[in-house]
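Below are the chains, spelled out letter by letter.
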Amino acid sequence: MASVSLVQRCPAMPLRVVAVLLAAIVAARLVGGAGPVFDVRDFGAVADGKTDNSKAFLRAWMKACAAAGTPVVVVPKGVYLLHPLVFRGPCRGYMEVRVAGVLRAPDGLAAFRACREWINFANIDGLLVTGGGTFDGRGATAWPLNECPRKRNCKPLPTSIMLGRVRNATVTGVTSVDSKSFHVTVAGSQGVRISRVSIRAPRDSPNTDGVHVQGSSDVRVTDSDVGTGDDCVSVGPGSSDVLVAGVSCGPGHGISVGSLGRYPGEGDVRRLRVANCTIAGTANGVRIKTWRGGSRPSAVAGLVFEDIVMRRVRNPIIIDQEYCPYSSCRESEQRPSAVRISDVKFKNIRGVSATQVAVKLSCSEASPCRGLELRDIDLRYFKRGVATQSRCAHVAGGVVGGTLVPPSCI
């Protein structure tokens, strides 16, 4: 997938809405010793699935953001139509958004002319999004308009949930369905925890990555169920200290690093660990993908993929440094990738491969992969009696050990 812009495209509500707060009948209640509670219905929200509730939600947010302690914005059960909006900080307290209902995006793209995100949490230190509710992106109304799979300079469709420049944020116990593009994007952020979430979209929905991390550090995606039409989790440029653990992935394109190396000035990807995951029926298993070409080298280093079960997965282990998804590639994309890959470990990965080549390490001719490790790999072809294979290109040595099915090509 292409890198995600960190530029804020969707304007926040004008400050004049503060005047509306003076006329609202607001009950800031203390419940069970928790912080003040701001129910969106007290600010005019209507759970009929038809009324645009963006202004009511933003009024509730602004009032809560100004409160000290641990204010809670509550979205009760019901269906709430929301046009694009920005929940902007900084706030006085630690913010909680407790969604019990269904938040429904507008259909199509008409409401997103000035926005790249549907719901954007921006510049917040201390945030919890929880409550058991659902974010419904209504992507089926927009997927036919997505030109990115076939057009190089396309306009990406909107992300459902953006965590942009946030710190100490947790998203847990919610569901995201049918995002128009990425479901959750973490960009320019630190200390983000995403756990016990369910993310679903059809296997043919374009560019619907489950969780995309870019330009961020100390991010954990754990104990979640993700099935989409693209990567279950993707880790993009400038990311470090990322953990993906306990994720059930499929359908989709697997768990990926990249794509990397398409744009100048991209940051390195360092210290990623993917562990205790199950990947089923996907187009790839664990993957590192970098574009051909590029003049300013970046690095991928310190990655560990371990304790992973593959269930009839195509390309269970793959490094692809010849990535170019278009039918014709530019002259610059004919050159070897400038991304340097080193110190990557694949350990205790087992299961069934849907392709005979179960391990494919296709590295850059200009900068061969170094310090790769294959240990305790047991990947069997789904056709009985046919052995799996491994293929290597431009791998400058490495370490192997334990059971190796298929035999190592390092």
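Criteria and cut-off values
Residues numbered from 1 in each chain as written. Predicted model: local features only at pLDDT ≥ 70, side-chain atom pairs only at ≥ 80, totals over all residues. Heavy atoms only, no water. Helix = DSSP H or I, 4+ residues; strand = E, 2+ residues; numbered from the N terminus. Contact = heavy atoms within 4.5 Å. Buried < 20%, exposed > 50% of the residue type's maximum accessible area, 1.4 Å probe, protein only. Polar contact = N/O pair within 3.5 Å; in protein donor to acceptor, adjacent residues only side chain to side chain. Disulfide = S-S within 2.5 Å. pLDDT = per-residue confidence, 0-100.

A. Inspection of the environment of R92 at higher detail. Mapped onto the fold, R92 is located in the loop between β6 (85-88) and β7 (95-99). Here the alpha-carbon distance between R92 and A66, two residues 26 residues apart in the chain, equals 5.7 Å. When sequence neighbours within four positions are dropped, the list of residues in contact with R92 reads C65, A66, A67 and A68.

B. Main features of the environment of T141. Examined against the element boundaries, T141 turns out to sit in the loop between β11 (134-136) and β12 (159-164). Accessibility expressed as a relative area gives 34% for T141, which makes it partly exposed. In sequence terms T141 and P106 are 35 residues apart; their C-alpha atoms lie 9.1 Å from each other. Ignoring any residue separated from it by four or fewer positions in sequence, one finds T141 in contact with D107, G108 and K180. For T141, the side chain forms a polar contact with the main-chain nitrogen of G108, separated by 2.7 Å.

C. Spatial organisation of the state of the cysteines. Scanning the entire structure with this criterion turns up five disulfides. The side chain of C65 participates in a disulfide bridge whose partner is C91; the two sulfur atoms lie 2.1 Å from each other. For the disulfide bridge between C65 and C91, the dihedral angle about the S-S bond is near -105°, and by the sign convention the bridge is left-handed. On the criterion of sequence distance, the pair formed by C65 in helix α2 (residues 54-65) and C91 in the loop between β6 and β7 is long-range, its members being 26 residues apart. Taken as a pair, C65 and C91 share a single burial class, namely buried. In this model C363 forms its disulfide with C369; the gap between the sulfur atoms is 2.0 Å. When the S-S torsion is -100°, as for the bridge of C363 with C369, the disulfide is left-handed. On the basis of relative accessibility, which here comes to 0%, the residue C369 falls in the buried class. With no disulfide of its own, C277 lies 8.1 Å from the sulfur of C249, the closest cysteine sulfur.

D. Quick peek at the side chain of S205. Within the secondary structure, S205 sits in the loop between β17 (198-200) and β18 (211-214). Residue S205 is classed as buried on the basis of its relative accessible area, which comes to 1%. Reaching out from S205, the side chain makes a polar contact with the backbone oxygen of P202 at a distance of 2.6 Å. There is a polar contact of 3.5 Å between the side chain of S205 and the backbone nitrogen of G229.

E. Layout of the side chain of Q321. Tracing the sequence through the fold places Q321 in strand β28 (residues 317-323). Given the relative accessible area of 2%, Q321 is considered buried. A distance of 3.1 Å separates a polar side-chain atom of Q321 from the backbone nitrogen of S364. Excluding residues that lie within four positions of it along the chain, Q321 makes contacts with T290, W291, R292, S337, V339, I341, S362, C363, S364, S367 and C369.

F. Geometry of the confidence of the model for the chain. Residue-level pLDDT values for the chain average 92, and 90% of them are 70 or greater. Within the model, the stretch residues 2-9 combines pLDDT values under 50 with 23 contacts to residues more than four positions away or in other chains. Long-range and interchain partners of residues 13-33, a stretch whose pLDDT sits below 50, account for 25 contacts in this model, where long-range means more than four residues apart.

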